[in-house]
Amino acid sequence: MSKGPGLFLDIGKKAKDLLTKDYLSDHRFSVSTYSESGVALTTSAVKKGGYSSGDIAAQYIYKNTFVDVKVDTESNISAILAVTDIVPSSRTLATLKFPNYESGKLEFQYFHPHASLTAAVGLNQAPPVDVSLTLGTPTFALGAEAGYETTSGKLTKYTAGITVTKPDSCASVILGDKGDTLKVSYIHYLDQLKRTAAVGEISRKFSTNENVFTVGGSYGIDSLTLLKLKLNNQGTLGAVLQHEVIPKSLVSISSEFDTKALDRTPRFGVSLALKP
């Protein structure tokens, strides 16, 4: 793939991941194994409250083809087939689900040094259509996406965004929810490995005059341990502590509580991911 501006969904993703990824409120356990034929098997279990569920997933990569099949304890089956370079500098993805087969979709992604394009269509009798376009370079990019409902003939969504990326920082502005939400984010890395960083995000919802301001960051305590924190103006404080117990295997402990209601029980989450 060419080194261009990236996909539209990448705008603001770095700041979003730092503020949301790994913040858990449940207990998760997963084990991955790899066969000599190149098949990766992952077994996962999740316990949330009094409810437990699990799944097993198989991934296989052969040349320019990637296959991912997952089966869970509720007999749901999902599969992703991705093929690169059917057309040069492109990726084609097919997502299938059973028994909810109407949620499947076919997506085409095209990458150019100064643009990227995605088009996705649902695999049902009245398929929704999503299209996005991003223009620019790896340093500066602007883009837009839209969703169209074929049954009603109406736009279901339209979003626009702009991002500026430097080696040690990234700033993004996204106007979404049909122009009702404005989100501005900024992330700054404080070390070359990008393990220590500071991030801020402001979200404004015009219809309700609601503003949410969130600050956070990550700190690499050592080469194996990472601490993440976040706090918003509504008083929600979250923390994540990750430690690499053995190479590629992480244990994550997460907690979140309301600083304006300290009598409430904090939420805790634990994740253990073992990989060979």
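So, here's what we can say about the structure. (Residues numbered from 1 in each chain as written. Predicted model: local features only at pLDDT ≥ 70, side-chain atom pairs only at ≥ 80, totals over all residues. Heavy atoms only, no water.)

### Section: the overall build of the chain
Note the following rule: Helix and strand definitions follow DSSP, with helices as H or I runs of at least four residues and strands as E runs of at least two, each counted in order from the N terminus. Within these notes, the globule rule equals 2.2 Å times the number of residues to the 0.38 power, and the radius of gyration is based on C-alpha atoms. Burial classes: relative accessible area under 20% of the type maximum marks a residue as buried, over 50% as exposed, and values in between as partly exposed (1.4 Å probe, protein chains only). Every residue pair with non-hydrogen atoms within 4.5 Å of one another is taken to be in contact. We treat Lys and Arg as the positive residues and Asp and Glu as the negative residues; His and chain ends play no part in the count. Charge positions come from single atoms, namely NZ of Lys, CZ of Arg, CG of Asp or CD of Glu.
When you go through the chain residue by residue, the secondary structure sums to 1 helix and 19 strands. Whereas a compact globule of 276 residues would reach a radius of gyration of roughly 19 Å, the chain reaches 21 Å, a difference of no more than 12%. Of all 276 residues assigned to the chain, the portion counted as buried reaches 29%. Across the chain, every contact between residues at least 6 apart in sequence was considered, and the portion connecting residues at least 24 apart equals 26%. Computed over 29 positive and 26 negative side-chain charges, the separation of the two mean positions in the chain equals 2 Å.

### Observations concerning the nonpolar core
Stated formally: The criterion is simple. A nonpolar core is a set of buried Ala, Val, Leu, Ile, Met, Phe, Trp, Tyr and Cys residues joined through side-chain atoms within 4.5 Å.
Ala 15, Leu 18, Leu 19, Cys 170, Ile 187, Tyr 189, Ala 197 and Val 199 form the largest nonpolar core, which has 8 residues in total. Only helix H1 (13–20), strand E13 (181–189) and strand E14 (197–205) provide two or more residues apiece to this core. In terms of residues, this core owes the most to one element, H1, which gives 3 residues. When near neighbours in sequence (up to four residues on either side) are disregarded, Val 199 contacts Ala 15, Leu 18, Leu 19, Tyr 186, Ile 187, Thr 214, Val 215, Gly 216 and Gly 217.

### A word on the packing of aromatic side chains
Where we set the bar: Two aromatic rings from Phe, Tyr or Trp, using only the six-membered ring of Trp, form a pair when their centres are within 6.5 Å; if the ring planes differ by under 30 degrees the pair is stacked, by over 60 it is edge-to-face, and anything between is tilted. In this analysis the charged atom, NZ for Lys or CZ for Arg, is taken to sit over a ring once it is within 6 Å of the ring centre and within 35 degrees of the ring normal.
On inspection of all chains with the given rule, the structure shows 0 aromatic pairs. Positioned over the ring face of Tyr 189 is Lys 194, at 5.0 Å from the centre of the ring. The ring of Tyr 23 carries the charged tip of Lys 230 above its face, separated from the ring centre by 4.2 Å.

### Quick notes on the environment of Ala 141
Looking at the secondary structure, you find Ala 141 in strand E10 (residues 140–149). Along the sequence, Ala 141 and Val 164 sit 23 residues apart, while their C-alpha atoms lie 6.7 Å from each other.

### Quick look at the side chain of Glu 256
When you line up the elements, Glu 256 lands in strand E18 (residues 249–258). If we skip the residues at most four places from it in the chain, Glu 256 touches Lys 230, Thr 236, Leu 237, Gly 238, Pro 266 and Arg 267.

### Overview of the environment of Tyr 219
Relative to the elements of secondary structure, Tyr 219 occurs in strand E15 (residues 210–220). In this structure Tyr 219 comes out as partly exposed when scored by relative accessible area, which is 47%. Not counting residues up to four positions away in its chain, the partners in contact with Tyr 219 are Arg 195, Thr 196, Thr 225, Leu 226 and Leu 227.

### Points about H1
What counts is decided by this rule: In this context, the arc is that of the directions from the helix axis out to the C-beta atoms.
Of all the residues in H1, the buried ones are Ala 15, Leu 18 and Leu 19. Across the axial projection of H1, the buried residues extend over an arc of 95°, all falling on one side. Packed against the buried residues of H1 are E13, E14, E15 and strand E16 (225–232). Asp 22 lies just past H1 and shows a positive phi near 80°.

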